[in-house]
Structures are given as C-alpha cells and as structure tokens.
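Reading the structure
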Amino acid sequence: EKRPALYWAVGLAVACLAVWLVLEGNGGSEDQGTLLRFGASHAPSVLDGQVWRTVTAVFLHIGFKHLLSNMASLLLFGIPVLHGLGPGRMYAIFIGTGVAGNWVSLALSPTAAIKAGASGGILGLLGALAGDRIRSIRRPSPRPSRFKTWHVLAMLLAYYGFMVGVGTSTDHLAHLGGLAAGLGLGLVIPTLGWLPPRV
C-alpha cells in the first residue's frame, strides 16, 4: 500500500486559506462582526442553539499571522499523521479534536468573546502522534524503547509552553482540550498496515 499523497494535508491548508480569503473579501478576518457572521465560536450564540459554530470556527482565522502560523503547524504535524493513519483518520482527528477543544472552552469559559482558529485541531494532531508513540513504547518488544511515557508527556508540555506561550488572549482551554482529545485518540487508533513494526 502506498503512502497517502501529500495533497490531502496541503488541501486542508488550502481550504483554510480559501476561507480566510472569503473573510477578507467580506469585511476582514479581524472584524468581529464578519467573524460572527461566518461562524466563529461565540458562547451566547452556541448556547442559544447555534452549535454548528463549534465546527465552523475550526476553519476561521483572525488575521494573516494567525493563519500563517497555524497552517505551518498543520503541515508539520498533519503530514506524519497522514502517513501513519491515512487521510480519513487525519481529517477526523483534526476536526474532531478541534471541535472538542471548542466545547471544552465553551464549558469552562463561556464568555462572550469571539473565538476562532484551527489550533485545537492542530494540537489534536500533535496529541495523536504522542499517543501513538506512547503506545509503541508500552508495547512488549525484545528491544524496549529507551523512552518512557513521561518523556513524551513532558515533551508535549514543553512544546506547548514554547510554541503557544502563556498570553492572556490565547484560548488555552481550547488548545489543551484538543491536545488531550488527540492524545486519547492516538492511544487507540491503529496505524496503517504498511508501516513497519516499531521497536
């Protein structure tokens, strides 16, 4: 079985770029009214029945810098997940963990702030890679891994602190919710059959 083509991951980034261009052409991606109109997460609206916002918000980005940083991270983590799990599971993890992160943020911080971005889904992909790595470490093998589970978890937290930071404008609840959801999925979703056994 051949490795999945890279266009599956690149296509997801292109879709997010296309949505951003639509925002820019209809009031601007940093305009709160435009973001709200096109499906940004907004706790009062979601609680009023517009639950679809927790999905559409994953594909919206606030400004070009936000888009660029997220798409670079999407390709960085999305391609290994694509190769290991295939396009269907990569998309499911990205969207599912992005939505999960939005619901965690909504449940624990139901403010009226406009929230959008793919970060929860991207960190979900990272979490899935970590979960798969932990599973391979714990698998019985004649050549045990020199790494331990806590090594992987520590690297996850270090990466999060270094790349995401601790800014007050960052929706950490959505990020950590997506990361945790991806980690859980990575522990249970099997890799594709053509991959060699890990040691």
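Everything quoted here is computed from the prediction, not taken from an experiment. Along each chain, the written sequence defines residue order, and numbers are assigned to residues from 1. This being a predicted model, a pLDDT of at least 70 is required before a residue's local features are given, and a value of 80 or more before pairs of side-chain atoms are given or counted; all residues contribute to the totals for chains, interfaces and linings. Hydrogens are left out, water is left out, and the side-chain values use all remaining heavy atoms of the structure.

Some details on the confidence of the model for the protein
Quick note on the threshold: Within a predicted model, pLDDT stands for the predictor's per-residue confidence, ranging from 0 to 100. Strands are runs of DSSP state E lasting at least 2 residues, helices are runs of H or I lasting at least 4, and numbering of each runs from the N terminus.
Averaged over all residues, the pLDDT of the protein is 86; the fraction at 70 or higher stands at 85%. The spread of mean pLDDT over the elements of the protein runs between helix α8 (residues 149-163), the lowest at 71, and helix α4 (residues 53-56), the highest at 97.

A short note on a nonpolar patch on the surface
The cut-off we apply is this: Surface patches are defined over residues having more than 30% relative accessible area and no salt bridge, joining like charges when they lie within 9 Å and nonpolar side chains (Val, Leu, Ile, Met, Phe, Trp, Tyr) when within 5 Å. All accessible-area figures derive from a Shrake-Rupley calculation using a 1.4 Å probe, and residue coverage is judged against the displayed protein chains alone. Within this document, salt bridges are pairs made up of a side-chain nitrogen of Lys or Arg and a carboxyl oxygen of Asp or Glu, the two lying within 4 Å of each other. Exposed residues in this analysis have more than 50% of their type's maximum accessible area, buried residues have under 20%, and partly exposed residues fall in between, with area computed by a 1.4 Å probe over protein chains only.
Residues L6, V10, V14 and L75 make up a contiguous nonpolar surface patch of roughly 290 Å² in combined accessible area. Owing to a relative accessible area of 38%, V10 belongs among the partly exposed residues under this scheme.

Description of the environment of A181
Selection rule: Should any heavy atoms of two residues lie within 4.5 Å, those residues are counted as being in contact.
Mapping A181 onto the fold places it in helix α9 (residues 172-188). Sequence-distant contacts of A181, that is, excluding residues within four places in its chain, are made with T97 and A100.

Quick word on helix α5 (residues 64-85)
Here is the rule we go by: Helix span, expected: 1.5 Å multiplied by one less than the number of residues in the helix. Consider a residue and the seven residues that end there alongside the seven that start there; fitting an axis to each set, the bend is the angle between those axes.
With 22 residues, α5 should cover 32 Å at 1.5 Å per step; its first-to-last C-alpha distance of 30 Å lies within 8% of that length. The largest bend in α5 comes to about 30°, at G78, with the proline P80 one to four residues further on. Along α5, the residues classified as buried are L67, N70, M71, S73, L74, F77, G78, V81, L82, H83, G84 and L85. Count one or two residues on from α5 and you reach G86, which has phi positive near 90°.

Let's talk about the nonpolar core
Cut-off, in case you're wondering: To define a nonpolar core, start from buried Ala, Val, Leu, Ile, Met, Phe, Trp, Tyr and Cys residues and group those joined through side-chain atoms within 4.5 Å.
In this structure, L74, M90, I93, F94 and L125 are the most contacted members of the largest nonpolar core, which totals 30 residues. When contributions to this core are tallied by element, the ones reaching two or more residues are α1 (7-24), α5, α6 (87-108), α7 (119-138) and α8. Counting residues per element, this core draws most heavily on α7, which supplies eight residues. Ignoring sequence-local partners within four residues, the contact set of M90 consists of W8, A9, L12, G78, V81, L82 and L125.

As for the packing of α1 against α5
Spelled out, the test is: Every axis in this analysis is a line fitted to C-alpha atoms, fitted for helices over the stretch in contact. Angles between the N-to-C directions lie between 0 and 180 degrees. Roughly parallel here means an angle under 35 degrees, roughly antiparallel means over 145, roughly perpendicular means 65 to 115, and every remaining angle is called oblique. Each crossing gets its handedness from the near helix: less than a right angle anticlockwise from the far helix is left-handed, clockwise is right-handed. Here the nonpolar group is Ala, Val, Leu, Ile, Met, Phe, Trp, Tyr, Cys and Pro; Asp, Glu, Lys and Arg are the charged ones; every other residue, Gly included, is treated as polar.
Relative to each other, α1 and α5 sit at 160°, their axes nearing to 9 Å. As summarised for this structure, α1 and α5 are arranged roughly antiparallel, according to the angle between their axes. Pair α1 / α5 crosses with right-handed handedness. Of α5, the residues touching α1 (which contributes W8, A9, V10, L12, A13, C16, L17 and W20) are F64, L67, M71, L74, L75, I79 and L82. Of the residues contributing to the contact of α1 with α5, the split by class is 15 nonpolar, no polar and no charged.

Description of the side chain of N70
Relative to the helices and strands, N70 is located in helix α5. We classify N70 as buried; its relative accessible area is 7%. When residues no more than four places from it in sequence are discounted, the contact partners of N70 are H61, G117, A118, S119 and I122.

Section: the packing of aromatic side chains
Note the following rule: Here a Phe, Tyr or Trp ring, Trp counted by its six-membered ring, pairs with any other such ring whose centre lies within 6.5 Å, and the pair is stacked when the planes are under 30 degrees apart, edge-to-face when over 60, and tilted otherwise.
On inspection of all chains with the given rule, the structure shows four aromatic pairs. Measuring from ring centre to ring centre gives 5.5 Å for W20 and F64, while their planes differ by 55°; the resulting arrangement is tilted. Here the residue W20 occupies a position in helix α1, and F64 occupies one in helix α5, the gap between them amounting to 44 residues. Through a chain of ring-to-ring contacts, three or more aromatic side chains come together here, namely Y7, W8 and Y91.

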